[in-house]
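Each chain, written out:
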Amino acid sequence: MKSILTVVGARPQFVKASVVSRAFREAGGIREVLVHTGQHFDSNMSDIFFDELALPDPAYNLGIGGGHHGAMTGQMLAAIEQVLLAERPDAVLVYGDTNSTLAGALAAVKLHIRVAHVEAGLRSFNLRMPEEVNRVMTDRISSWLFTPTAAAYDNLFREGVNANQITATGDVMYDVARLAAQRAESNAALFSSIGVSSGGYLLVTVHRAENTDDAARLRVIVAALSVLAQTSPVVWPMHPRTRSALHKTGLFDLLTSSKVRVIDPVGYLDMVKLETGASVIVTDSGGVQKEAYFFKVPCVTLRDETEWVELVETRWNRLTPPTDVDRIVETVLASHGAQGRDIELYGNGDAARKIVAKLATDLG
Ligand code: UDP
């Protein structure tokens, strides 16, 4: 039997891998070996996703979390190489744009094992973002490039990637969101524990290094949310990296003295409930920008650019760099009730099935 070794390590990868892993099991014929690098390790950043989304326990957990990018990626590279030498899979599957993605791809290609990249072709065209470096490098050494959007396909084509290596599948996150929506459970208990009601709050997530590692940007974000919280509840499930940056810069106390409700990161199903009940979503997350669109909630993205360009073009998303408090406040207020163009952007919800079918055919 053919085997695929999947490398995951960060929260969005557990979400994406859940549907593809399920598609492998349903299709049969390929054995999947799951490797968790350990990049995200808290139970509410890792275990909860395995439980809720029925992702099988990893065969290997490398326990490599924390440290600078170089050290983290290097340690992963060495550890994944050992696993590959032991397992000798027919291909390695990686997701998205984290250090785990790049380490998995690089370890594989150096052992002449072919790489499949899910979420290939996305570009922010800002190489100062660690994610952009990881994406560009991973695409360059992948044999199968599975693109979520038309823009991603065009980017690869323009970069000279051979068209027969690219498969336009749609976005696996849309597959996951559709399944979660079908499981929709009551949100009453969650909302009452936070003290909000449906349609009556802003939902915030912030975790990109360009924001958390820049005290001036963090200060603008905190100031803007504090102003917005005076008129509407603001719910912020806070990423551990952001919590630690806010403590380091002394901004956390400012935030808690305002009416912003900081909570711990939540599991995927609660996140979907929070997203569907929000009046506006304010984020710098890639995944959350798209989920806002899936659930038809207006989104304000606190970044200079986004790789999900179609959401800005169709007016589901407004890009607002966190450099100006008033501009963020005005943009969020103007977004209430705004709807973008009615258009299908991320496929039919069968991206995972297409990925598995393509790999099954090619691995024969
Ligand atoms: N997410 C979650 N709980 C949270 C915040 C985010 O389950 O408290 C989910 C979110 O719904 C999306 C994924 O995590 O599916 C996005 O991950 P993240 O924002 O960490 O990474 P990015 O998408 O920016 O790479």
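This text goes with the structure placed above it.
In this text, all values refer to a predicted model and were calculated from it rather than measured experimentally.

A.B. asks: An account of the site of the ligand is needed here, citing residue identities and associated values.
C.D. replies: Every one of the 19 residues lining the ligand counts as a neighbour, but V266, S285, G286, G287 and E291 are closest to it. R208 places a side-chain nitrogen or oxygen 3.0 Å from an oxygen atom of the ligand. Contact with the protein chains removes 97% of the 530 Å² of surface that the ligand exposes when unbound. Elements represented by at least two residues in the shell around the ligand include exactly α1 (11–27), α13 (268–277) and α14 (286–294). The greatest single-element share of the shell around the ligand, amounting to 4 residues, is contributed by α14. Partitioning the shell around the ligand into residue classes produces 10 nonpolar, 5 polar and 4 charged.

A.B. asks: Give me the lowdown on the nonpolar core, citing residues and values where you can.
C.D. replies: Ranked by internal contacts, the top residues of the largest apolar core, which has 64 residues, are V20, Y268 and L274. The element that contributes the greatest number of residues to this core is α1, accounting for 7 residues. In contact with L274, other than residues within four places in its own chain, are L190, F191, I194, Y201, L203, P237, I263 and V266. Judged by nonpolar contacts, the second largest core, of 27 residues, contains M238, L246, V280 and V300.

A.B. asks: Describe the side chain of T242, naming the residues involved and giving the relevant values.
C.D. replies: Summarising the element assignment, T242 is placed in helix α11 (residues 240–248). The exposure class assigned to T242 is buried, which follows from its relative accessible area of 0%. Reaching out from T242, the side chain makes a polar contact with the backbone oxygen of V206 at a distance of 2.6 Å.

A.B. asks: Run through the sheet that holds strand β13 (residues 317–319), naming residues and quoting values.
C.D. replies: In space, the 6 strands of this open sheet follow the order β10-β9-β8-β11-β12-β13, with parallel pairing throughout. The open sheet has two free edges, formed respectively by β10 (260–263) and β13, since each of these has just one partner strand. Ignoring strand direction, the axes of neighbouring strands in this sheet form an average angle of 20 degrees. Pairing of strand β8 (residues 202–205) with strand β9 (residues 234–237) involves 2 bridges; the strand directions are parallel. Bridging across to β9, L202 finds its partner in V234.

Criteria and thresholds
Residues numbered from 1 in each chain as written. Predicted model: local features only at pLDDT ≥ 70, side-chain atom pairs only at ≥ 80, totals over all residues. Heavy atoms only, no water. Near = heavy atom within 4 Å. Polar contact = N/O pair within 3.5 Å; in protein donor to acceptor, adjacent residues only side chain to side chain. Areas by Shrake-Rupley, 256 points an atom, 1.4 Å probe, with all protein chains shown as cover. Helix = DSSP H or I, 4+ residues; strand = E, 2+ residues; numbered from the N terminus. Nonpolar A, V, L, I, M, F, W, Y, C, P; charged D, E, K, R; others polar. Core = buried A, V, L, I, M, F, W, Y, C linked by side-chain atoms within 4.5 Å. Buried < 20%, exposed > 50% of the residue type's maximum accessible area, 1.4 Å probe, protein only. Contact = heavy atoms within 4.5 Å. Pairing = 2+ DSSP bridges. Axes fitted to C-alpha atoms, helices over the stretch in contact; angles between N-to-C directions.

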